[in-house]
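Next come the chains, spelled out residue by residue.
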Amino acid sequence: MRIAVIGCGYLGAVHAACMADLGHDVVGVDLDPGRIAALAAGRAPFHEPGFPELLGRALSSGRLTFTTDLEEAARVRVFFLCVGTPQLPGSNAADLSFVDDAVRSVAALVAASGRTAVVVGKSTVPVGTAARLAPLVEAVGATLIWNPEFLREGYAVRDTLTPNRIVYGLPDGEDGAAAQEILDDVYADQLRRQIPRLTTDYATAELVKVAANSFLATKISFINAMAEICELTGADVTQLAGAIGMDDRIGKKFLQAGIGFGGGCLPKDIRAFTARAEELGAHESVGFLREVDKINLRRRDRVVDLAKQVLGERLVGARVAVLGAAFKPHSDDLRDSPAVDIATRLQGLGADVVVTDPAALPLLARLHPALSQAEQAEDALRDADLVVLATEWREYVVMDPYDAAELVRTPVVIDGRNVLNPARWRRAGWTYLGLGRP
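These numbers were taken from a predicted model, which means no experiment stands behind them. Residue positions are counted from 1 within each chain, in the order its sequence is given. For a predicted model such as this one, the threshold for reporting local features is a pLDDT of at least 70, and the threshold for listing and counting side-chain atom pairs is 80 or more; totals across whole chains, interfaces and linings nevertheless cover every residue. Computation of side-chain values covers all heavy atoms of the structure but excludes hydrogens and water.

## Some points on the overall build of the chain
Part 1 of the reasoning: For the chain, the count of helices and strands is 18 helices and 14 strands.
Part 2 of the reasoning: Taken over the C-alpha trace, the chain has a radius of gyration of 24 Å; the compact-globule value for 438 residues is 22 Å, and the two agree within 12%.
Part 3 of the reasoning: Judged by the C-alpha coordinates and their principal axes, the chain covers about 70 × 50 × 40 Å.
Part 4 of the reasoning: Every one of the 438 residues in the chain was classed for burial, and the buried ones make up 53%.
Part 5 of the reasoning: Across the chain, contacts joining residues at least 24 apart in sequence account for 72% of those joining residues at least 6 apart.
Part 6 of the reasoning: Accessible surface for the chain amounts to roughly 18800 Å². Of this, 53% is attributable to carbon and sulfur atoms.
Part 7 of the reasoning: The charged-residue count follows a simple rule in which Lys and Arg add positive charge and Asp and Glu add negative charge, with His and chain termini not counted at all. Where a charge sits is defined by one atom per residue type, namely NZ (Lys), CZ (Arg), CG (Asp) or CD (Glu). For the chain, the centre of its 46 positive side-chain charges and the centre of its 56 negative side-chain charges are spaced 3 Å apart. We count a stretch as a helix when DSSP gives it H or I for four or more residues in a row; a strand needs E for two or more, and each element gets its number in order from the N terminus. For the radius of gyration, the atom set is restricted to C-alpha positions; the globular benchmark scales as 2.2 Å times the number of residues to the power 0.38. Buried residues are those whose accessible area, probed at 1.4 Å on protein chains only, stays under 20% of the maximum for their type, while exposed residues exceed 50% and partly exposed ones sit between those limits. Working rule for contacts: check all heavy atoms of both residues, and any pair within 4.5 Å makes them a contact. Shrake-Rupley sampling with a 1.4 Å probe provides the accessible areas, and residues are treated as covered by the protein chains on show and by no other component.

So, in structure tokens, the structure goes:
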């Protein structure tokens, strides 16, 4: 199958390389010449385990090319839309301008070529977007399918090649059935392996992604709300989470209390979902998501407050080592990162903050040049008055507290992810402060 992937950011670049790895001829299209040049040269513009190797393999096969010129996709049969839908400045709503522009550009190309095509939306969009865009696609003889992505950063290659489900949002009638057959050919490898495929209408397909992310965000904020209660009562939120997670109706996943979620999906998606519900007159239906967002942000406040309590008047000029910058391990994504938020706020209060991270420092230097950096955790820890574990990279989780105590000036640690062993760190002479843990 000849495929074009419009938008070669995190989602699009991974999708393009995976489709080529499955045997399709793929052209990736993006307006950013720097990004295209990097991808064409086999350089991954972001940190994602397994992606550099996949990219190199796909390029070497000759089945994957990148370009800034959409005209090079004129003979393509399937167009995947993988452009971003960021949060609008000053609003909770999603910015759909990139999606709209991509649809118009693809429609014009299809019209000029005179070929039939299937346009497949993968971007996360507010419900009702596909129904609004479908007439533009149908007007040039093409068919729109909405096929939401469910990638987890750090596992994107695996999630693309072996997803836990594939969802098609289809129009009614013969056009929808014909388009489904074409997309089945694209995903033939996955379908042969019995990966579930669900076919539904546009609105349901759009809601699957935002509803799933809203549920996950709610689960995280729920356990963080319980952490607030634990801090007032002396209970241990980690034991609480373990106990309630044994109920198979609840499960243990996403019950890790800490400084909360960040990244380019959960915060943006729940806010956009809330904004769209308000447009539909259903604000009460998702009103709880506003509290989910507030709880999440409060956990960052809690770490800043703990730092103030620990350092007191010594906060100004105190050296604070922040372990981690990315919003989660196995990623260099700094979008809405709790770690960066905490680091910049402590710096704003007068602390001498130094940040370390295995993957995100180059991006941190571009976006937050005022923050000091250390390539190695040992350098960040040296002479620190306070240590904040903000991203649970494995090297921080398994760090020897006795060795670390020899580097710092004052052995005080705030475990923002509740991943350290409090007893062991205290035996090593540390003042250990967890979130919702005694």
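Here the narrative resumes.
## A word on a positive patch on the surface
Part 1 of the reasoning: Together, Arg-2, Arg-75, Arg-77 and Arg-115 make up a positively charged patch on the protein surface.
Part 2 of the reasoning: Along the chain, the position of Arg-77 falls in the loop between β3 (64-67) and β4 (78-81). Like-charged residues are merged into a patch within 9 Å and nonpolar side chains (Val, Leu, Ile, Met, Phe, Trp, Tyr) within 5 Å, provided each residue has over 30% relative accessible area and no salt bridge. Here, a salt bridge means any Lys or Arg side-chain nitrogen found within 4 Å of an Asp or Glu carboxyl oxygen.

## Some thoughts on the nonpolar core
Part 1 of the reasoning: We define a nonpolar core as any set of buried Ala, Val, Leu, Ile, Met, Phe, Trp, Tyr and Cys residues linked to one another through side-chain atoms lying within 4.5 Å. Residues Phe-51, Leu-64 and Phe-80 are the most contacted members of the largest nonpolar core, which totals 41 residues.
Part 2 of the reasoning: Ranked by residues supplied to this core, first place goes to helix α1 (residues 10-21) with nine residues.
Part 3 of the reasoning: Among residues more than four places away in sequence, those in contact with Phe-80 are Ile-3, Ala-4, Val-5, Ile-6, His-15, Val-120, Lys-122, Asn-147, Leu-183, Val-186 and Tyr-187.
Part 4 of the reasoning: One finds Ala-4, Val-83, Leu-96 and Ala-117 within the second-largest nonpolar core, a separate group that totals 33 residues.

## Overview of the environment of Val-125
Part 1 of the reasoning: Following the sequence through the fold, Val-125 ends up in the loop between β5 (118-121) and α5 (129-138).
Part 2 of the reasoning: According to the relative accessible area criterion, Val-125 is buried, its value standing at 3%.
Part 3 of the reasoning: The spacing of Val-125 and Val-286 is 161 residues in sequence and 17 Å in space, taken between C-alpha atoms.
Part 4 of the reasoning: Sequence-distant contacts of Val-125, that is, excluding residues within four places in its chain, are made with Thr-85, Leu-96, Val-99, Trp-146, Glu-206 and Val-210.

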